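Listed here are the chains, written in short residue letters.
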Amino acid sequence: ETGVTQTPRHLVMGMTNKKSLKCEQHLGHNAMYWYKQSAKKPLELMFVYNFKEQTENNSVPSRFSPECPNSSHLFLHLHTLQPEDSALYLCASSQVLASTDTQYFGPGTRLTVL
Amino acid sequence: TQLLEQSPQFLSIQEGENLTVYCNSSSVFSSLQWYRQEPGEGPVLLVTVVTGGEVKKLKRLTFQFGDARKDSSLHITAAQPGDTGLYLCAGDLAGGYNKLIFGAGTRLAVHP
């Protein structure tokens, strides 16, 4: 238990569906992240939120839309995805301006796009 | 271009053997973290190293940060099947700006 929870753990969706991934952190952190992990590739940073403001969008297609209503919650809204978007989506949190940038990860959502 | 090179990519060993995983870069990091990830789960933090030359021990795991803070190693003594997993190193390039660079990982399998 890392203090970061993600739901759902598994998601299967068609290319025309709309779904959302949810992340919640119970660590009192002020930064949250979305990563994509595909087979045989390094973790890819997608979005960064500091104090609820988006500070990084790593050239992510617009079919992925993040939302951060407060520093404890982070969403990733999905629509018209492609099969190549199938991957493990990981949420993480950290404390900005701490002495080290240690990020704590949730268990991930395994997404399959049919 | 891979900023953080991890080697080896795969390692399959017998219980009781020792092993070392390497994480190398031409960039300087203000800190470096090692994570272990099991199938279907997120990465779990093992250690953070900050000072050049720093050595940290976690039971049978020994982590070292290079003097120039460009590389790191993870040594496991007397590996056990419970050590099986994906080991990831991640470097903090900009120190305090919360942007970690991850290596591709080393997949370790320890057989009984």
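J.: Would you take a moment to explain the state of the cysteines for this structure?
T.: Every disulfide links exactly two cysteines, by a covalent bond between their sulfur atoms. All names here are of chain A. Within the structure shown, the criterion is met by 2 disulfides over all chains. Disulfide partner of Cys23: Cys91, at an S-S distance of 1.9 Å. Across the disulfide from Cys23 to Cys91, rotation about the S-S bond amounts to roughly -75°, and the bridge is consequently left-handed. Highlighted residues: Cys23 in strand β3 (residues 18-25) and Cys91 in strand β9 (residues 87-94), separated in sequence by 68 residues. Between Cys68, a cysteine without a disulfide, and Cys91, which holds the nearest cysteine sulfur, the sulfur-to-sulfur distance is 9.0 Å. Taking relative accessible area as the criterion, Cys68 reaches 12% and is therefore assigned buried.

J.: Mind showing me how you'd approach unusual backbone geometry here?
T.: Most peptide bonds are trans, and most residues other than glycine sit at a negative phi. Cis geometry is found at the peptide bond from Thr7 of chain A to Pro8 of chain A, where omega equals -10°. Examined against the element boundaries, Pro8 of chain A turns out to sit in the loop between β1 (4-7) and β2 (10-13). Despite not being glycine, Arg69 of chain B shows a phi value in the positive range, around 60°. As for its position among the elements, Arg69 of chain B is in the loop between β7 (61-65) and β8 (71-76).

Criteria and cut-off values
Residues numbered from 1 in each chain as written. Chains lettered and ligands numbered in written order. Predicted model: local features only at pLDDT ≥ 70, side-chain atom pairs only at ≥ 80, totals over all residues. Heavy atoms only, no water. Disulfide = S-S within 2.5 Å. Helix = DSSP H or I, 4+ residues; strand = E, 2+ residues; numbered from the N terminus. Buried < 20%, exposed > 50% of the residue type's maximum accessible area, 1.4 Å probe, protein only.

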